[in-house]
Amino acid sequence: MHATKVLEHLKKHGQLLDFDIARAIDMPLADVRASLTELSARGDISRCSVTSYVKGKAIEGFQCRVSGYIPRPAPGRKPGVK
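Residues numbered from 1 in each chain as written. Predicted model: local features only at pLDDT ≥ 70, side-chain atom pairs only at ≥ 80, totals over all residues. Heavy atoms only, no water.

A. The arrangement of the pairing of strand β2 (residues 45-54) in detail. Note that β2 and strand β3 (residues 57-66) share 10 bridges and pair antiparallel. Bridge assignment links Ser52 to a residue of β3, and that residue is Ile59. Between β2 and β3, which follow one another and run antiparallel, lie 2 residues, and Lys55 among them has a positive phi close to 55°. (Pairing = 2+ DSSP bridges. Helix = DSSP H or I, 4+ residues; strand = E, 2+ residues; numbered from the N terminus.)

Here it is, written out as structure tokens:
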């Protein structure tokens, strides 16, 4: 049940950290991490562990994105090959 909500949020917003997902969909972090583990086991998402440092404090988390998703190129001019 929670896994579909998490997957839909990732499809809509792209690559995110687990605590950002939990905050955005108003779900406990433990439930989000359980859903991410389930989705990763099914192959629906790619997940890697990340350590961030905020004011010298280490914060462990997961960075996730939908498997096989390649974002569209950003709009605007692109440098040409010369």
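B. Fine view of the pattern of salt bridges. Following the criterion strictly, the structure yields 4 salt bridges and no others. Of the charged contacts in the structure, one is a salt bridge between Arg42 and Asp44, with a shortest N-O distance of 2.8 Å. We classify Arg42 as partly exposed; its relative accessible area is 47%. For Asp44, a relative accessible area of 28% corresponds to the partly exposed category. (Salt bridge = Lys/Arg side-chain N within 4 Å of Asp/Glu carboxyl O. Buried < 20%, exposed > 50% of the residue type's maximum accessible area, 1.4 Å probe, protein only.)

C. Spotlight on the packing of aromatic side chains. Going through the model one piece at a time under the given rule, you end up with 0 aromatic pairs. The ring of Phe62 is capped by Arg47, whose NZ or CZ atom sits 4.4 Å from the centre of that ring. (Phe/Tyr/Trp six-rings, centres within 6.5 Å; stacked < 30°, edge-to-face > 60°. Lys NZ or Arg CZ within 6 Å of the ring centre and 35° of its normal.)

D. Region of interest: the side chain of Ser35. Along the chain, the position of Ser35 falls in helix α3 (residues 29-42). Since its relative accessible area comes to 4%, Ser35 is described here as buried. Excluding anything up to four places from it in sequence, Ser35 contacts His2, Ala3 and Val6. (Contact = heavy atoms within 4.5 Å.)

E. Broad picture of helix α2 (residues 18-25). When we look at burial in α2, the residues that qualify are Asp18, Ile21, Ala22 and Ile25. Angular distribution of buried residues about the axis of α2 spans 100°; they occupy a single face of the element. When the buried face of α2 is taken as reference, the exposed residues oriented beyond 90 degrees from it are Arg23 and Ala24. Once α2 ends, the next one or two residues include Asp26, with phi positive near 55°. (Arc of directions from axis to C-beta.)

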